[in-house]
Every structure is written in C-alpha cells, then in structure tokens.
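# Observations on the three-dimensional arrangement
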Amino acid sequence: MFENLSERLSGVFDRLTKQGALSEDDVKTALREVRVALLEADVSLPVARDFIARVQEKATGQAVTKSVTPGQQVVKIVHDALVATLTGDEDPGKLKIDNPPAPMLMVGLQGGGKTTTTAKLAKRLKERDGKRVLMASLDIYRPAAMEQLAVLGAQIGVDTLPIVAGQKPVDIARRAKQQATMGGYDVYMLDTAGRLQIDEVLMQEVADVAAVTSPRETLLVVDGLTGQVAVEVAQEFDAKIGISGVVLTRMDSDGRGGAALSMRAVTGKPIRFVGLGEKMDALETFEPERIAGRILGMGDIVALVEKAQDTIEAEQAERMMKRFQKGQFNMNDLKMQLEQMTKMGGMESIMGMMPGMGKMAKQVQDAGFDDKIIRQQVALIQSMTKKERANPQILQASRKKRIARGAGLEVSDLNKLLKMHRQMADVMKKMGKMGKGGMFKQAMK
Ligand code: GDP
C-alpha cells in the first residue's frame, strides 16, 4: 500500500541524511522533493502546496539545528502534517445508523468496488455492531448486479431484498424501506447503479432514491488507484447529491497514495474505510496515523533516524576539527567534547580515536576521570559567562570563586578543568599545524 509514495519519500530523506546537516536550505530542498513526490503520487497541486507550506512553517518555527536528530524532526513534522491532512473531526468507523431502520446509500462509478464494499460493510455491521442488516441492489442496468449482491449476502449471512423484475430503482428503494421497517432491521443498505462515467441520468436517479429514503449515510465508493480521478468523482457526487463519507478501495495494491491525501483536503469529506482486498473481511476503518505511517514507511524511519544521528555527530566533529585547525579551542568546544564523551562511551574511547590524544586519555583515566567528573566539568563550564567560555584566560580569583560556587564545586576543581583545557588546546594547536590533509588522514586511521 502506498509503496511508491513511501519509497519516494524515504528516498528523499535518505538523500537528506546523506547530505548531512539540516539547514533551512536543506529542509527546503527536501520539501521540494517531497512536493514532487506527492504530485507524482497524484496528490492534487493545491493539496501538495498546502501540505508543503504547513510542513515548512513548522520546520522553520522549530530550531532544527539545535536538535540532536534533525532527521527525526523533519520526518515527524512531515508525518504530523500528513496526519493533519488526513484527519477530520469524525470517528471514521462510527456511522450514523441509530433510529432503525437507518438507510445507507452506497454510490460510485461502476467497477469501483461498490457492491463488494456494500457486502463487506454489511458483514462488519452485523459482526462488530450486532446490527440486523438488509441489502438491496438498485442496479437494474447491469444484468448480474442484483444476483451478485444476493450471492454475497448468502455468503456472509446477510439478508438481501428479493429481486422483483421490472421495478425502477426508486420503487426498489421504497420496497427496501418497507421491508426494513416491517422486518425489524437496524440498517438497510442501498447499492445503487454505477456508470462508467458520471452522467445526469445516474445522478438524478440517485437523487430520487435519496429523496424517498433520506439516507443517514451516503458513502461514495471509489477506486483508490484512480488517484486524482477519485477526488474529482467525489467532488461531483458531493455537489450533486451530497456524500457523508468515502470508502477507498484497492488500497491493497501498490498504488499511488495520492487519493487518500487529496480526498479529505479537497472534498472536506472523511474517508471512512479502506478496502484491502477482494475478500469479505478486507475492509478496515480508515486510520490517519496508520495511513501516514504507511505513506512514510515507518519501518524505514527508525533506520533513518539512526542514520541521521550518525550523520549529525560526524558533522559536529568535522565542524570542530575545522576550528581546531585554526587553533581555536575554547570552553564551549571543551563542553561539547565532554558531552560527546558521555554519549559515546567515555573519555578514553573518544580520546583514543583522536590523533595524539591516546597518551592523554591514559592520564585522564589514571586521574580517575569518570562520568561523574565529566558532569561536574560540564557544570563548571555552564557556570561561566559567554565571555569567559570564549576566553578562559580571563579567569581571575574572583571569577573562579563565582564559577565554582555556581557549580557547587571547589576552585581546585575548576583549576583542574582549566589545566585540562590548556593541555587539550595545546594538542589541538599541534594538530592544526599538521595541516588539514595530514590531520584528517591521521584521524581516519
Ligand atoms: P462495483 O461495480 O462498483 O459494484 O464493483 P464491484 O464490487 O463489482 O468490484 C469490482 C471488482 O473489484 C471485483 O472484482 C472486486 O472483487 C474488486 N474489489 C473491490 N474492492 C476491492 C479491494 O479493496 N481490493 C481489491 N484488490 N479488489 C477489490
């Protein structure tokens, strides 16, 4: 289901994470591709535009660069926007079928899956909601249509209105109403005739049937594979007879997912159910979260997020390296290093990975440098002002006292931190002098 859109979107995110940093430009580029993917998936242009605008607004509002996992952030924003587009106020599975007998009108084009869906839904109402259902076919044009419904009814144990030859659809509808009332049915479903295309005669016929039965629900059954066409059909049916909801069929195939996305936005009508196969059980309540998840391919997202995290860390390291090459290493850098250390499994491992740091890692370890100390070191740096962090050499006695007090520690602790910073800054400077190529080559070893 939605394989194409899913693959395309994950392709976009793949590229994004490979590229690396999620700057605003990258988000824009990614969203441009999401837009193309949506359009190719047959989402209508205004819907795609609206969708992208919403995502972009959210992404811009959030500090993407601050996030540890910007990939996750963008995926989440796209996911949420998909859900928002797909969600209405209604509970899709809850049909207005109180006050028995409640008439339900099933409409749509021929071959869309109307008769099949009528039977699927009748089965569901019977089994899940314990409703007594009567089905009636109003399709007097297609010879086998009435028999088809009768066969399905027998199969699922739902009554069908006896076939009387020569009756007009409106008369069949009246008869169904009568039988449903007298027979004590909770719901009667009217399976109307479909045409290959929308035409006036068909619409008038459905309108007449609606006039004599006042349906509580008028569900449009459309082939989800027809994408944009499905949306246009829904618009026309809604304009002419008014529909209360949509059932998208053939959502079991690798089709374009665009119909689901456009349908709600364009028609304002809820998607109630999705058809997921030819079997009588293959009908599910429409769940925006789930559909959005399928569109994005949630399985991939976990991997994607992990990839994004790796990329972000690699980038931070690279940015720092560049600064170190220029001989810059201030308290902010140290703080970032310390925080990374706790994340990446300790001082020793990270220093061991950096050229020239192996020996120091050992010293640090010998000094009993553990996670608790790292946390204290970070607290000390946090206690410094911006200016102090950028230029630790300005730290005099009174500043030191204030910083140590702020972190709940002693000045001697701060002195240890400053000593470590000086040592590290020295090493960084040496590394910088080794030159760009040299250092990176070493770092790769
Ligand atoms: P109608 O002309 O609108 O009444 O369409 P039908 O109910 O006769 O369905 C036409 C064909 O589509 C039949 O072969 C159904 O079995 C098939 N069909 C209906 N719904 C689905 C669905 O959700 N998935 C799949 N794969 N086939 C479906």
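Procedures and definitions
- Residues numbered from 1 in each chain as written.
- Predicted model: local features only at pLDDT ≥ 70, side-chain atom pairs only at ≥ 80, totals over all residues.
- UniProt positions renumbered as here; feature names shortened; annotations may be inferred.
- Helix = DSSP H or I, 4+ residues; strand = E, 2+ residues; numbered from the N terminus.
- Axes fitted to C-alpha atoms, helices over the stretch in contact; angles between N-to-C directions.
- Parallel < 35°, antiparallel > 145°, perpendicular 65-115°, else oblique.
- Left-handed = near helix turned anticlockwise from the far one by under 90°.
- Contact = placed C-beta atoms within 7 Å.
- Nonpolar A, V, L, I, M, F, W, Y, C, P; charged D, E, K, R; others polar.
- Pairing = 2+ DSSP bridges.
- Buried ≥ 20, exposed ≤ 12 C-beta atoms within 10 Å, placed from the backbone.
- Near = placed C-beta within 6 Å.

With that out of the way, let us pick up the UniProt feature "domain: SRP54-type proteins GTP-binding" (unreviewed entry) in the chain. Following the UniProt record, one finds the feature "domain: SRP54-type proteins GTP-binding" (unreviewed entry) at residues 270-283. Split by type, residues 270-283 is 0% helix and 43% strand. Its first and last C-alpha atoms lie 16 Å apart.

Time to look at the packing of helix α5 (residues 114-129) against helix α6 (residues 145-156). The packing of two helices is summarised by the inter-axis angle and the distance between the axes. Across the interface, α5 lies against α6 with an axial gap of 10 Å and an inter-helix angle of 25°. On the basis of their axis angle, the class for α5 and α6 is roughly parallel. Between α5 and α6 lies a crossing whose hand is right-handed. Listed contacts from α6 to T115, T118, A119, A122 and K123 of α5 are A145, Q148, L149, L152, G153 and I156. Here the contact of α5 with α6 is composed, by residue class, of six nonpolar, four polar and one charged.

Here we come to the sheet that holds strand β3 (residues 159-160). Here eight strands make up an open sheet; going across it, the order is β3-β2-β4-β1-β5-β6-β7-β8 and the pairing mixed. Strands at the two margins of the open sheet, each flanked by one partner only, are β3 and β8 (283-285). Of the pairings in the sheet, the one linking strand β6 (residues 245-249) to strand β7 (residues 271-275) comprises three bridges and is parallel in character. In the strand pairing of β7, V246 is matched with I271. Running over the sheet, helix α9 (residues 228-240) touches β1 (102-107), β5 (217-223) and β6 and is turned about 155° from β5.

In this chain, P100 is followed by P101 through a cis amide linkage whose omega measures -5°. With a phi close to 50°, N99 is a non-glycine residue in the positive phi region. Among the structural elements, N99 can be located in the loop between α4 (70-86) and β1. Notably, R250 is not glycine yet its phi reads approximately 60°, a positive angle.

Turning to the environment of A176, a few remarks are in order. Relative to the assigned elements, A176 resides in helix α7 (residues 169-182). A residue is classified by how many C-beta atoms lie within 10 Å of it, and A176, with 26 of them, is buried. In the structure, A176 is positioned 38 residues away from L138 in sequence and 9.8 Å away in space, judged by C-alpha atoms. Residues within four places of A176 in sequence aside, it is in contact with L134, A136, L161, Y188 and L190.

Taken together, 17 residues are adjacent to the ligand, and G113, K114, T115, T116 and G275 come closest. Here the shell around the ligand gets three residues from one element, more than from any other, and that element is α5. Residue composition of the shell around the ligand, grouped by class: two nonpolar, 11 polar and four charged.

Of all five residues in strand β4 (residues 187-191), five are buried, a share of seventy percent or more. Burial along β4 is two-sided: V187, M189 and D191 and Y188 and L190, pointing in opposite directions, are all buried. With five bridges joining them, strand β2 (residues 133-137) and β4 adopt parallel strand pairing. Across the sheet, residue M135 finds its bridge partner in β4, namely M189.

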